[in-house]
Amino acid sequence: MTELKITNLNFAYNRKKQVFNDFSLTFGDGITLLLGANGSGKSTLFKLICGVLIPKSGNIEAFCDGQPIKSPKAEIAYIPQNFDAFPSLSVRDVLTYICGQRGKGLQKSEIKKQVDNAIELADIMEYTDKKMRTLSGGTKQRVGIAQSILGDPKIIIADEPTAGLDPEQRERYNRIVAKTAKNRSFIISTHLFDDTRYYENLTLISEGKLKFQGNKEKMTRSVAGKIYLLTCNVQELDEDALPKGTMLLSTATNENIVEARLYSEKKPDIPYGRVQEAEGTLLDAWQHYCAKK
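Residues numbered from 1 in each chain as written. Predicted model: local features only at pLDDT ≥ 70, side-chain atom pairs only at ≥ 80, totals over all residues. Heavy atoms only, no water.

Chemist: Tell me about the overall build of the protein chain, and name the residues and values.
Modeler: Secondary structure summary: the protein chain contains seven helices and 14 strands in total. Its C-alpha atoms give the protein chain principal-axis dimensions of about 75 × 45 × 35 Å. The 293 residues of the protein chain split such that 45% are buried. For the protein chain, restricting intrachain contacts to residue pairs at least 6 apart in sequence, the fraction spanning at least 24 positions comes to 70%. (Helix = DSSP H or I, 4+ residues; strand = E, 2+ residues; numbered from the N terminus. Buried < 20%, exposed > 50% of the residue type's maximum accessible area, 1.4 Å probe, protein only. Contact = heavy atoms within 4.5 Å.)

Chemist: So what about unusual backbone geometry? Which residues, and what values?
Modeler: With a phi close to 50°, Asn8 is a non-glycine residue in the positive phi region. With respect to the secondary-structure elements, Asn8 resides in strand β1 (residues 2-14). A relative accessible area of 41% means that Asn8 is categorised as partly exposed. Backbone geometry places Glu207, a non-glycine residue, at a positive phi of 50°. Relative to the helices and strands, Glu207 resides in the loop between β9 (201-206) and β10 (209-215).

Chemist: Quick rundown of the pattern of salt bridges? Include the residues and the values.
Modeler: Under the counting rule described, the total for this entry stands at ten salt bridges. A salt bridge links Arg170 to Asp195; the shortest N-O distance between them is 3.8 Å. On the criterion of sequence distance, the pair formed by Arg170 in helix α5 (residues 167-180) and Asp195 in the loop between β8 (185-190) and β9 is long-range, its members being 25 residues apart. In this structure, Arg221 engages Glu217 in a salt bridge whose closest nitrogen and oxygen atoms are separated by 3.3 Å. In this pair, Arg221 and Glu217 are both assigned in helix α6 (residues 216-221), four residues apart and thus about one turn of the helix distant. For Glu217, a relative accessible area of 52% translates into the label exposed. Members of the salt-bridge network, linked through shared partners, are Arg92, Lys112 and Asp116. (Salt bridge = Lys/Arg side-chain N within 4 Å of Asp/Glu carboxyl O.)

Chemist: Let's hear about the environment of Arg102: which residues, and what values?
Modeler: Structurally, Arg102 can be placed in helix α2 (residues 91-102). Take Arg102: its relative accessible area is 39%, and that puts it in the partly exposed class. Setting aside its immediate chain neighbours within four residues, Arg102 contacts Gln147, Ser148 and Leu150. Side-chain polar atoms of Arg102 contact the backbone oxygen of Gln147, separated by 2.4 Å. (Polar contact = N/O pair within 3.5 Å; in protein donor to acceptor, adjacent residues only side chain to side chain.)

Chemist: How would you explain the sheet that holds strand β7 (residues 155-159) if you had to name every residue and give the values?
Modeler: In spatial order, the strands read β6-β7-β8-β3-β9-β10; together these six strands make up an open sheet with mixed pairing. In the strand order of this sheet, the two ends are held by β6 (76-79) and β10, each with one partner. On average, adjacent strands in this sheet sit at an angle of 20° to one another, irrespective of strand direction. Note that β6 and β7 share four bridges and pair parallel. Its bridge partner lying in β7, Ile76 is registered against Ile155. Contacts between helix α1 (residues 42-50) and the sheet are confined to β3 (30-35), β6, β7, β8 and β9, with β7 contributing the most and set at about 145° to the helix. Sheet strands touched by helix α7 (residues 282-290): β3, β9 and β10. Its angle to β9, the strand with the most contacts, is close to 30°. (Pairing = 2+ DSSP bridges. Axes fitted to C-alpha atoms, helices over the stretch in contact; angles between N-to-C directions.)

Chemist: A description of the pairing of β9 should follow, citing residues and the corresponding values.
Modeler: Of all six residues in β9, five are buried; the element is thus mostly enclosed. Here β3 pairs with β9 via three bridges, running parallel. Along β9, the bridge assignment pairs Leu34 with Thr203. Examined bridge by bridge, β9 and β10 share six bridges and lie antiparallel to one another. Directly across from Leu204, in β10, lies its bridge partner Phe212.

Chemist: So what's going on with the sheet that holds β1? Residues and values would help.
Modeler: Pairing is antiparallel across the open sheet formed by four strands, whose spatial order is β2-β1-β4-β5. The open sheet has two edge strands with one neighbour each: β2 (17-27) and β5 (67-68). In this structure, β1 lies alongside strand β4 (residues 57-64), joined through seven bridges in antiparallel fashion. Paired with Thr2 across the bridge in β4 is Cys64. Relative to the sheet, α1 contacts β1, β2 and β4, its axis offset from that of β1 by approximately 115°.

Below, the structure is given as structure tokens:
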């Protein structure tokens, strides 16, 4: 079992921009979708995990079967949002070079074995002799997955890998991730709610704070009994005039009538329109946790 444990992390880009303040979070085995709106701190967290950025204080530790990994950075593979490495080289040459750099001292036969396995797993057999610059964005991301498993790392992190992919590419990408994530921790960041359809375990951060961690059912239950539907005329709805503690999540308008989904700990007292309790959804929870308070 693999664990990535972040404890009491503090980091700021400057005195005015504190990103994390005593931030703690643990990632376990399997796939975790790290959710958050743009600017929530996802990319900064990944850079801290990889050692690109250095925290002011706090610990980032990796464990395997309860034992600390002495060199956690050596067990972490990173997939950037756009994998554009070595544009003039073929896919096989790129993977061979990366494998040789990670596995100093590996025999050529072992490098070839690892590269062949990565190519098959990422379903890129037909592209092995193609130059990187000729590949589509979706295929480059699959090459990114292939390079990430070279050396058999315990932890793989992917930063917004589905941004810019069309629905078909996204489907294929996530099927490959499911195969790759066996016996390791695979953490994928995204600001796209649609990506929740592929994964069960969710971690949501907003403004550098942990807002939720658990499965989709638990996240949906977390807003149960706190979602209300306000039906009123378009002209009547004023978000700034809503009762204290009431959050506007979303609206749907039909001609002159608007249906507004609201979050509130109790039924809000609104002097216009009709307010009724509504069944909470995963999207409601996402919008609640991501909203700037």
